[in-house]
Structure formats: structure tokens, C-alpha cells
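The lines below spell out each chain.
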Amino acid sequence: MDLDAAMLSRIQFAFTISFHIIFPAITIGLATAIAIWEGMWLKTRNPVYFQLAKFWIKPFAITFGMGVVSGIVLSYEFGTNFSKFSELVGPVLGPLLAYEVLTAFFLEAGFLGIMLFGWQRVGEKLHYFATCVVAFGTWVSSFWIIAANSWMHTPAGHKIVEGRFEVDSWMEVIFNPSMPYRLVHMLLAAMLTATFLIGGVSAWYLRKDRDVAFAKKGLSMALWAALVLAPLQVIVGDFHGLNVKEHQPIKVAAMEGIWPETEAGAPLLLFAIPDMENETNHFEVKVPKVASLILTHSLDGEIQGLKSVPPEDRPYVPLIFFSFRIMVGLGMLMVAAAVWGLWLRRKHPQFENKPFLLLMNLMIPTGVICTLAGWYVAEVGRQPWVVHGLVRTMDIVTPLPAERVLFSLTLFVVTYSTLLLVYLYFMAKLVRKGPPDLARLEQHMLDVNAPSFALEWVKKLQREVVED
Amino acid sequence: MDLALFYYLLLGFAVLMYVVLDGFDLGLGILYPWFKSEGERDHMMRSISHVWDGNETWLVFGGVVLFAAFPAAYAGILSTMYTPIMLMLIGLIFRGVAFEYRFKSERSKPLWDSAFFLGSSVATFCQGTILGAVVQGVKVGEQGALDWLSPFSVFTGLALMVAYALLACCYLVMKSRGDIMARAAHLGRKLVVTLMVILAIVSLWTLIANTEVRARWLGGINFVYLMPLPILSALFGWLLYRDLDGQPHETRPFWLAVGLFILGFAGLVVGLFPYLIPHQLTFWQASAPDSSLKFLLPGIFIFLPLIFAYTLWGYRIFSGKVEDFEEGY
């Protein structure tokens, strides 16, 4: 591998986007969960819901902050490192990203302030509205970003005029062939990420035997969510796979480690070490015919293999092969955990079963790992194309001096590593601190549910302080 | 109307919105060394923690408008300004996370204070130098690592720091009482004077450095039409100085400072029109195909007014002084 500016730019983009995607994956799900809890609290007045919302809003806020600052980088990196790409496909991708900013970023930012800091300035209904808008904004944002990303995988609705992309049909660009699958797959991934974060943290409290009512509610809700979301994700993943097979067969060949030009009755490889030079796998552990069964829904179905295209049109196979297995393996673990949780539920011992709580605890990062692994399968699998079949990645990199990119890459690696440590430290700190005290919260909210009440409350507090 | 012209104006508008809005919150970071106590810094941070994210969104919006409507200019400017843009982004990252972590830390608070101060200062300085380098006319596509660095661009970098700091002083006057307010007003007066001198120097320097700007400003009758800009600027500066004296007016200084920004920006745009990259690329040459420009139009007409409405509403909810009792989330 040559570490020229082009490769460094690609590493930098891969690094910055991998870092970024962690945070939206968490916030999309958490925002939705918080909106659900706040709504449940308004409806039932059960304070545990309020406690859940009030507690999780803090991890949400720092995660959102990390997402914002790392996202700004991405919106400028196209231009700095991939200037030819920007010129070429700016007319297609630019407007989609502009719609994302207009319909989602401003919305989230506008209402986030009220959601985080408005407790004493607006009434509870208005506050709930703000929370819902923020959650809605995260969904809208994923819609546009996935539309733009999907178009690069399955481009449609465009024509090329004088070497530049022009759009014929925006409907076809946005709702390109893989977009619906990709969007649902990504949203479910985000929901699952938050689900296992909430479930795992709750399980940790139960293991430590503290904040039990709060943790029971959190774990129980997370398990119901996982029971619906995890199997659903398997089904959606299967549909998505079929769609990829139709439009990007070489990606599927890399995922499955299939080398021959075509293979009928292809086996499912549980493990193997793909060897790109010799165009084969080592140490295969396989289940005969199952890959064909999954991908063609027939035992003898034919699947296109890697050798059907010349070596320079193949992606880097091992990374895709292993990422895919990590994603699927952890996905299956999620399904298993959800089913185990349901089975334990019959007599409510899921709150006492130590091995189960430990498993849930250990599974906190699985959502993030799955999301990243899936992202690598999708993005590395598209190589060597940046726009599938039309634009090669190597042709669109800004001709920068290598040392300049190395300089920025070093800055990002140092900055992001520091930030990730800080982020994990503060997340752990928030979790250790635990949910806010219920009695105090209740009293507080009774006194403060409208701005005018807020002032009264403060005056009362001040009087108390003076009397003390 | 010509679509490219519309997007040129929209781009200018987005930049102006960004400069004014993120200007005051970046400026607060630059002011940190003048407000040393933890209480004062808490207060300053609280006065912007609910809006900084929205303010910074205008930077993203400006970026994507440039990307969507003028892809050639986006590619050219960003790749040429590689180093200052990367430094600006790193600065914005550090100051951005400082908001979240500062209030949750005890021992590491001073560290987040310096992250906020340094991040804000570096980001502002880089924005100023990028602007300066573009105005001066850096050759797009040239590969010298320090092409963007010149006496002029360093000067505009420092100038923008002064301008943001002034805006922040005026914002602080609006958002605080007592000691903080008095100090902000006092600092603000010094900054107005400095800024007026800087504005004069930058204006003259631009006239010397950029022949097109010179031709536009000094060519024939234009001079007469354009005179109101410097005259109004001087008037605003004087009013601002007066308003910050004694018992400062609460909100007027902020609006006067915003006025100064608008005037300065207008002067710049008048000088550069129709170039996006001086001497090299006009906005007509850089514009995207009509299919892209048209697709974005309804979005702009529907959503920009909405954005204004709810942003304004948000500012109203948090209007008035920041109260010490207001806890976060």
C-alpha cells in the first residue's frame, strides 16, 4: 500500500466518518427513547418515566455534541480532499445535503436548546414538543444522508453532460434502488444501538443493586424493543442483501468469499481467510449450499463470484468478509439476548438472573460495533468505485502534497483519540452518578412546569437559603 | 431573476448570518482571558450554550450552498485553503465539546476553559485569514503550503478576532448585570476604537492589494454611491462608543455592532461582485446546472422562513438576562 496523498486522504475520510457515525447511531435511538419516556410521563405521571428521560438526556447531550463537531468536518472534507469529486457530483449530492441542513440540522439545533435548557422557561407540553421535534429531526437527517449515500451505491436519475453529472429526475435520485433498504437498515441499527446501550446500563445498575425501579423499567423496555427490532433487522438485512446482489454483485461475492466466476449451490462460510493474490480462501469452515439458499432462496442458485471481474475492479475482500461476519454474528447475538430475555420474563427473574444481566452489560457496545462493521461492508464493498460503476475513487482525490494530508490526518487522530477517551470518561461518570433523585425531581417539577412557576420557585428557594 | 445570482446572494446571506451569529459566541471564547473567575465564565457559557449549535449550523449551510450551487468554487477554495480550514475545524471541535464537558467537570475545568479560549481564537483567526486570502486573490490550485499566509491575511485574521470580541462584548452587555456587564462595556469601548482603526487600514489595504476592488470603488461615479458605506460605518462606531459609555444601553450596542458587520460585509461584496474567487472565477462560471439550482429553490422558500420563525422563537424564550438559578438539563 502506497501512502501517497490519495491514500492518506482516503484514510482520513474513513477515519473521520467512522468516528462521526458512532454518535448519530446513538443519538437517533436515544432521542426517540427520550421522546417516548417524556410522553409516557405526561400521560401516566409515573415518575420513573420522567427519571428515565431526565437521566438519559445527559448522555444524549454529550453524544449529540460530539456528533455535531465531528459532522462539520465531513461537510468540508469533500472540498478539501476530494475536490474533483465535489466538482463532478456536487450538482447531485449538494442539493440533497442542502435539504438535510434546511429540514433537519436547523430544526434539531433550534429545538435542542429548548429540550436541554428550557425546563424552567417553557411549560411541560412545549418542552415535550421540543423533544419530539429533535427526535424527528434526527430521523429526517438520516433520510437525506442515506439518500445521498445510496445514490453513490446505486446511482439513478442522472445523465452526464460534458463530464459533469446533471439530474433528470430528483425522485429517482432520492428514491434510488437501494435507498429504502439502506434507510430502514440504518434506522433499525441506530435504534438497536440505543436499545442495547439503555438495556446494558440498566443491567449494570441491577447488578450493583442500585436504582432498582429505574433500572427495571429501563431494562424491561429495552428488552421489548430488542425483541421487535433485532429479528426485524435480520429480515430487513436479508432484503437488503438481495438488493445488493442485484445491483452490486461483486460486493456480495466479497461478503460471502466466493471466488469462481459463478458458483451454483454456494456454501455459507462460517470462517475463512480470503487470499486476494491467489484468488482463493484458506481454512474454510462451511455449511454447504446455504449461501445460495439465503441469496437466491434456492439450494442450487447461482451466485456471481469475484473472478467475474478483473482484479482492479474488486474491492479489498478480507475487510468486507470479516466485517460482514462480525455484523451478522453480533446481530444474531442480539436476537438471542432478546429471546432469552423474553423466556426469563415469565416470572420476572430476568432482573435477577446474573448471567443474563452480565451479558446485557457486556453487550453495551455491540450496536456501535455492528453499525461500524455494516458501514465498512457497504463502503469498502463499493470500491474501487466512489459512484458505483461510474467514478473511480482514485480519480477524484485532490492532488495535494502528501505531507499536508499527513499533517491533518495526524491532527485528527490525536484530537479524536483524546475526545473519544474524554467522551467515554464522562459517559462512565454520568452512569456512575446515576439517575436524579425521584423525590427531589417530583417536587421540582410540581413547582416548575411553567415559566411563571419557575420564578416563584426560585424566589422560594432564595427565601429558604436566606432562612437557613 | 438569474438563478446563479440568487444563489450568490443566498451564499452571501448565509455567510453574513454565520459571521454575526457564531461571531458573538466565538467572541465570548476570545474574551475569556479578560473574565477570570469561574462564576463569570459559567455565566458567559450559559448565555450561549443553548444557541451555539444553531449558530454554527449556518457555517454548514454556507458550505453546502457553495457545494450545491457553485461546486467549482467549493472545490477550488476548499482544496487551496486546506491548512487553515483543517485548523479551523480542529478549533471548532475543541470549543464545541468544551460546552458539554466544562459543566460536567471539576478538576479538568481549567483545561476546558483553555480549550474554549484557544479553539474559539484559532477558529476565528483561520476564518479571518481565509477571507483575507480569498480577497487578496490566492491562485486556486497552487500547491504552496503557506500560500494562504500573507501579511494581509494575518492582519484580517486578527481583525476578525477583534470584531468577534466586540460583538461578544455587546452580547454580554445584553445578557448580564453588574460587574460582568460593566467590564464588557469597558472592554467593548476599547474594541470599538481598535476596530474602527482596523477597518480603515483593511479598507485602504484592500484597495491597494486588489485592483478589481479598487476599480469598483474608485472608478468614476461609483465613489459617490458607495460613500454612505464608510460614512455610516463611522457613525455606527461612534454611536456604539457612546452607547457603551456610563450606564450602557442594554440591547442597542449589540444591534449597532451587527450593523457594523453588515456594512463591512456589504462593502466587501460590492468590491468583489461578480467574483467568487477574485480574478479567476465568477459565480456564473462556477454555478451548478439549472436542474440542481431549481430543485433547491422550493426548499429555500419554504424552510428558510420557518427556520427564522423557530430560531427567533428560541431566542425569545431565552431572552433577557441569564439567571444564575437556571440549571441545565
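Rules and cut-offs
Residues numbered from 1 in each chain as written. Chains lettered and ligands numbered in written order. Predicted model: local features only at pLDDT ≥ 70, side-chain atom pairs only at ≥ 80, totals over all residues. Heavy atoms only, no water. Helix = DSSP H or I, 4+ residues; strand = E, 2+ residues; numbered from the N terminus. Buried < 20%, exposed > 50% of the residue type's maximum accessible area, 1.4 Å probe, protein only. Polar contact = N/O pair within 3.5 Å; in protein donor to acceptor, adjacent residues only side chain to side chain. Contact = heavy atoms within 4.5 Å. Axes fitted to C-alpha atoms, helices over the stretch in contact; angles between N-to-C directions. Parallel < 35°, antiparallel > 145°, perpendicular 65-115°, else oblique. Nonpolar A, V, L, I, M, F, W, Y, C, P; charged D, E, K, R; others polar. Core = buried A, V, L, I, M, F, W, Y, C linked by side-chain atoms within 4.5 Å. Patch = residues over 30% accessible without salt bridge, like charges linked within 9 Å, V, L, I, M, F, W, Y side chains within 5 Å. Areas by Shrake-Rupley, 256 points an atom, 1.4 Å probe, with all protein chains shown as cover. Salt bridge = Lys/Arg side-chain N within 4 Å of Asp/Glu carboxyl O. Disulfide = S-S within 2.5 Å. Pairing = 2+ DSSP bridges. Expected span 1.5 Å × (residues − 1). Bend = angle between axes of the 7 residues up to and from the residue.

Asker: For the side chain of R95(B), give the residues involved together with the corresponding values.
Answerer: All names here are of chain B. As for its placement among the helices and strands, R95 is situated in helix α5 (residues 82-102). Given a relative accessible area of 0%, R95 falls into the buried group. Among the polar contacts listed, one links the side chain of R95 to the side chain of S120, at a separation of 3.0 Å. Setting aside chain neighbours within four positions, we find R95 in contact with D22, D25, L26, W52, E56, A115, F116, G119 and S120.

Asker: Account for the packing of helix α1 (residues 3-31) of chain B against helix α2 (residues 38-48) of chain B, naming residues and giving values.
Answerer: Residue and element names in this part refer to chain B. Two elements in contact, α1 and α2, have axes separated by 10 Å at closest approach and are oriented at 170°. Accordingly, the angle class assigned to the pair α1 and α2 is roughly antiparallel. Across from F24, D25, L28 and L31 in α1, the residues of α2 making contact are M44, S47 and I48. A breakdown of the residues in the contact of α1 with α2 according to their chemical character gives five nonpolar, one polar and one charged.

Asker: Any details on unusual backbone geometry? Residues and values, ideally.
Answerer: The residue after Q383(A), namely P384(A), is reached through a cis peptide bond having omega 5°. Its location among the elements puts P384(A) in the loop between α12 (366-382) and β7 (385-387). For the bond running from F273(B) to P274(B), omega is 0°, close enough to zero to count as cis. Within the secondary structure, P274(B) is located in the loop between α12 (252-272) and β1 (275-277). For D211(A), which is not glycine, the phi torsion reads 45° and is therefore positive. Along the chain, D211(A) falls in the loop between α6 (179-207) and α7 (212-247). Looking at D211(A), the relative accessible area reads 28%, which means it is partly exposed. Although it is not a glycine, E279(A) sits at a positive phi angle of roughly 55°. Here E279(A) lies in the loop between β4 (268-275) and β5 (280-287).

Asker: Mind laying out the nonpolar core, listing which residues take part and the relevant values?
Answerer: In terms of nonpolar packing, the biggest core is built from 250 residues, with W56(A), F85(A), Y7(B), L31(B), W58(B), F61(B) and F70(B) touching the most fellow members. Leave out the neighbours within four places in its chain, and L31(B) touches M44(B), A165(B), A168(B), C169(B), L187(B) and L191(B). Within the second largest apolar cluster, 14 residues are counted, among which are I250(A), M255(A), V317(A) and M327(A).

Asker: Explain a nonpolar patch on the surface to me, using residue names and the numbers behind them.
Answerer: All names here are of chain A. A cluster of nonpolar residues, L270, F271, I273, F283, V285, V287 and F322, forms a patch on the protein surface that exposes about 610 Å² of accessible area. Counting only elements with at least two residues in the nonpolar patch, the list comes to β4 and β5. Structurally, the position occupied by L270 is in strand β4.

Asker: Requested: an account of the interface of chain B and chain A, with residues and values cited.
Answerer: Contact with chain B, which involves 69 residues of that partner, is made by 80 residues of chain A. Joining chain B to chain A, the criterion identifies one salt bridge. Residues K429(A) and E106(B) are paired through a salt bridge, measuring 3.7 Å at the closest nitrogen-oxygen approach. Scanning the region where chain B abuts chain A turns up 17 residue pairs in polar contact (both at pLDDT 80 or more). Elements that contribute at least two residues to the side of chain B that touches chain A include exactly α3 (52-69), α4 (71-80), α5 and α14 (290-317) of chain B. For the side of chain B that touches chain A, the per-class residue count stands at 41 nonpolar, 19 polar and nine charged.

Asker: Go over the state of the cysteines, please, and point to the residues and values.
Answerer: Scanning the model with the defined rule gives zero disulfides over all chains in all. Of all cysteine sulfurs in the structure, the one in C170(B) sits closest to C169(B), which takes part in no disulfide; the separation is 6.6 Å.

Asker: Residues and numbers for the pairing of strand β1 (residues 158-161) of chain A, please.
Answerer: Residue and element names in this part refer to chain A. As paired elements, β1 and strand β2 (residues 164-167) share four bridges and run antiparallel to each other. Counted as the bridge partner of I160 is F165 from β2. The turn joining β1 and β2, which pair antiparallel and follow one another in sequence, is formed by two residues; a positive phi near 50° is taken by E162.

Asker: So, the pattern of salt bridges: which residues are in play, and what are the values?
Answerer: Residue and element names in this part refer to chain B. Tallying each qualifying case throughout the model produces 21 salt bridges over all chains. One salt bridge in this structure joins D113 and R41, with 3.2 Å as the shortest N-O distance. Highlighted residues: D113 in helix α6 (residues 109-136) and R41 in helix α2, separated in sequence by 72 residues. For the residue pair D113 and R41, the accessibility class agrees, reading buried in each case. Two residues, R252 and D243, come together in a salt bridge whose shortest N-O distance is 2.7 Å. Classification of D243 as buried rests on a relative accessible area of 6%. Three or more residues are tied together by salt bridges with common partners; here these are E38, R41, D42, R102, K109 and D113.

Asker: A description of the environment of K54(A) should follow, citing residues and the corresponding values.
Answerer: All names here are of chain A. Take K54: it is sitting in helix α2 (residues 47-81). Since its relative accessible area comes to 6%, K54 is described here as buried. Placed 36 residues apart in sequence, K54 and S18 show a C-alpha to C-alpha distance of 29 Å.

Asker: Give me the lowdown on helix α3 (residues 83-117) of chain A, citing residues and values where you can.
Answerer: Compared with the 51 Å implied by 1.5 Å per residue over 35 residues, the 40 Å span of α3(A) between its first and last C-alpha is markedly short. Of all the bends in α3(A), the largest measures some 85° and sits at G90(A), one to four residues before the proline P91(A).

Asker: Account for the packing of α1(B) against helix α7 (residues 151-175) of chain B, naming residues and giving values.
Answerer: Residue and element names in this part refer to chain B. The geometry of α1 relative to α7 is characterised by a closest axis approach of 7 Å and an angle of 85° between their N-to-C directions. Considering their axes alone, α1 and α7 lie roughly perpendicular with respect to each other. Contact residues: Y18, V19, V20, G23, F24, L26, G27, L28, I30 and L31 in α1; M161, Y164, A165, L167, A168, C169, Y171 and L172 in α7. Of the residues in the contact of α1 with α7, the class split is 16 nonpolar, two polar and no charged.

Asker: A description of the side chain of S233(B) should follow, citing residues and the corresponding values.
Answerer: Residue and element names in this part refer to chain B. Tracing the sequence through the fold places S233 in helix α11 (residues 228-243). Under the relative-accessibility criterion, S233 is labelled buried at 11%. Ignoring anything within four residues of it in the chain, the contact list for S233 reads M196, L260 and L263.

Shape descriptors only; they carry no functional weight alone.
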